[in-house]
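# Chain and residue survey
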Amino acid sequence: MAAGLAHPLTYSVLIDQQLGLHLPPHVYYMWLAMIILFSCAFILRGRLTLVPGGLQNVFETVIGGLEDFVVLNIGEEGRRVFPFLCGMFIFILVMNYIGLIPGCDAATANVNTNAAMAITVFVYYNYIGIKKWGFGYIKHFMGPVAFLAPLMLILETVSHIARPLSLTLRLFGNIRGEEIVLVLLFILAPVAGTIPMYFLFILGKTIQAFIFFMLTMIYLKGSLEHAH
Amino acid sequence: MFFSRQDKSSGHMGVLGTVGTIGMQLVAATFVGLAMGYFLDKWLGTDPWLLIIFLLLGIVTGFRDVYREAMRLQRRSEEEGSGPGAGTR
């Protein structure tokens, strides 16, 4: 929440002084998100039950709903790539929500985190496409008409390289903007001004995580389905 | 909260997501074309020409992506409007 300040005092600054590692804040908040998710996973793994209750119920609702959505869009093949998609969604969602805790900052409010994730997505969907189609994957870049193929090859290359860029900047711009708005409203009207914005930003951060997830799904669909 | 009525709300979120991507894709493709032209020029030493050509190609790519996305949205809304199970999906 303190990303907009010139010298933000967040918990990560204090931790960094204690540890003396000189790492930027978003690394600590990414680790925090990982710790939260890993501990949830380890707690749940120990006591999985047939009739879910509590935390298991929450995760089953989210993951089950997302799996239905993916299978509806990609088809049965979607189940193979679903762990990656769902992991991405939950990871981004947790990192976004961490930004709402006072004194914490969203790891996704830094362009490096998002670039890393977007490049992972780029490599992954191309890997899936090459694994499925072999050398024939290049047909995805050729377009439908044979004599336009050289032009389409360049156009598709530009389009594919633009994908990680737009993924990165969209997530970064939205989350960073929300963090700055929170700080500004806190300066204008402490607490009273920020609480209404929390409801809006919980919605906004969920939608941003969902957009990242959905675009990854569309790209994977494009590399899995037959070329034109 | 968004997943309690997953069937309906994921459709709305999907449309919102697609609409949100359109403008970004246009800008990103333009800049990628510009950057490719710039670095190819630096590499090959053909000063302004590849920059201009690749910038135009980037703009064309951006518009083509937007067009394709809009067509996909339209097709989906037609499917949802005319299909018998439009409300339940």
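Residues numbered from 1 in each chain as written. Chains lettered and ligands numbered in written order. Predicted model: local features only at pLDDT ≥ 70, side-chain atom pairs only at ≥ 80, totals over all residues. Heavy atoms only, no water.

## A few points about the overall build of chain A
- Scanning chain A for helices and strands turns up seven helices and zero strands.
- Reading chain A from its N terminus to its C terminus gives the helix and strand order α-α-α-α-α-α-α.
- Out of the 228 residues in chain A, the part that is buried amounts to 44%.
- Carbon and sulfur atoms make up 74% of the accessible area of chain A, which amounts to about 11,500 Å² in all. (Helix = DSSP H or I, 4+ residues; strand = E, 2+ residues; numbered from the N terminus. Buried < 20%, exposed > 50% of the residue type's maximum accessible area, 1.4 Å probe, protein only. Areas by Shrake-Rupley, 256 points an atom, 1.4 Å probe, with all protein chains shown as cover.)

## Overview of the overall build of chain B
- Broken down by element type, chain B carries two helices and zero strands.
- Relative to its 89 residues, chain B shows a buried fraction of 31%.
- For chain B, restricting intrachain contacts to residue pairs at least 6 apart in sequence, the fraction spanning at least 24 positions comes to 53%.
- Accessible surface, chain B: about 5,700 Å² in total, of which carbon and sulfur atoms supply 70%. (Contact = heavy atoms within 4.5 Å.)

## As for the environment of Thr10 of chain A
- With respect to the helices and strands, the residue Thr10 of chain A is situated in the segment before helix H1 (11-19).
- Sequence separation of Thr10 of chain A and Cys104 of chain A is 94 residues, and the distance between their C-alpha atoms is 5.6 Å.

## Section: the nonpolar core
All names here are of chain A.
- In this structure, Leu66, Phe89, Met117, Phe212 and Phe213 are the most contacted members of the largest nonpolar core, which totals 47 residues.
- Elements supplying a minimum of two residues to this core: helix H2 (25-46), helix H3 (55-74), helix H4 (78-98), helix H5 (111-133), helix H6 (149-188) and helix H7 (194-224).
- Per-element accounting of this core gives the leading share, 13 residues, to H4. (Core = buried A, V, L, I, M, F, W, Y, C linked by side-chain atoms within 4.5 Å.)

## Considerations on the confidence of the model for chain B
All names here are of chain B.
- Residues of chain B with pLDDT of at least 70 account for 74%, and the chain-wide mean is 77.
- Long-range and interchain partners of residues 1-6, a stretch whose pLDDT sits below 50, account for eleven contacts in this model, where long-range means more than four residues apart.
- The low-confidence segment residues 84-89 (pLDDT under 50) makes six contacts with residues lying over four places distant or belonging to another chain. (pLDDT = per-residue confidence, 0-100.)

## Focus on the packing of aromatic side chains
All names here are of chain A.
- Taken as a whole, this structure holds eleven aromatic pairs over all chains when the rule is applied.
- Each ring, one from Phe69 and one from Phe210, has its centre 5.6 Å from the other, and the planes form 45°; the classification is tilted. Of the two residues, Phe69 sits in helix H3 while Phe210 sits in helix H7, which places them 141 residues apart along the sequence. This pair shows no difference in class: Phe69 is buried, exactly as Phe210 is.
- Three or more aromatic residues joined by ring pairs make a cluster, and in this case those are Phe69, Phe89, Phe210 and Phe213. (Phe/Tyr/Trp six-rings, centres within 6.5 Å; stacked < 30°, edge-to-face > 60°.)

## With respect to a nonpolar patch on the surface
Residue and element names in this part refer to chain A.
- Residues Tyr11, Leu14, Ile15, Leu19, Leu21, Trp31, Met34, Ile35, Phe38 and Phe42 make up a contiguous nonpolar surface patch of roughly 1,000 Å² in combined accessible area.
- Going through the elements one at a time, H1 and H2 are the ones with two or more residues in the nonpolar patch.
- By secondary structure assignment, the location of Trp31 is in helix H2.
- Residue classification places Trp31 among the partly exposed residues on the basis of a relative accessible area of 38%. (Patch = residues over 30% accessible without salt bridge, like charges linked within 9 Å, V, L, I, M, F, W, Y side chains within 5 Å. Salt bridge = Lys/Arg side-chain N within 4 Å of Asp/Glu carboxyl O.)

## Quick word on the pattern of salt bridges
- Taken as a whole and judged by the stated rule, the model has eight salt bridges over all chains.
- Of the charged contacts, one joins Arg79 of chain A and Glu76 of chain A as a salt bridge, the two residues approaching to 3.0 Å between their closest N and O atoms.
- Judged by relative accessible area, Glu76 of chain A falls into the exposed class, the value being 55%.
- Where Lys132 of chain A meets Glu77 of chain A, a salt bridge forms, and the shortest distance between an N and an O atom there is 2.6 Å. Pair noted here: Lys132 of chain A is in helix H5 and Glu77 of chain A is in the loop between H3 and H4, with a separation of 55 residues, a long-range link.
- Here the salt bridges do not stand alone but share partners, grouping Glu156 of chain A together with Arg64, Asp65 and Arg68 of chain B into one network.

## Remarks on the interface of chain A and chain B
- On the chain B side, the residues contacting the 31 residues of chain A number 28 residues.
- Of the roughly 2,500 Å² buried between chain A and chain B, counting both surfaces, carbon and sulfur atoms make up 78%.
- Seen at the junction of chain A and chain B, the total is two salt bridges.
- For Arg68 of chain B, the salt bridge is made with Glu156 of chain A, and the minimal N-O distance between the two is 3.2 Å.
- Put simply, chain A and chain B have four residue pairs in polar contact (both at pLDDT 80 or more) between them. (Buried area = accessible area lost by both parts, 1.4 Å probe. Polar contact = N/O pair within 3.5 Å; in protein donor to acceptor, adjacent residues only side chain to side chain.)

## Some words on the packing of H1 of chain A against H2 of chain A
Residue and element names in this part refer to chain A.
- Where H1 meets H2, the axes come as close as 9 Å, and the angle between the chain directions of the two elements is 100°. With respect to H2, the element H1 is oriented roughly perpendicular. For the pair H1 and H2, contact is made by Tyr11, Ser12, Ile15, Asp16 and Leu19 and by Pro25, Tyr28 and Tyr29, respectively. (Axes fitted to C-alpha atoms, helices over the stretch in contact; angles between N-to-C directions. Parallel < 35°, antiparallel > 145°, perpendicular 65-115°, else oblique.)

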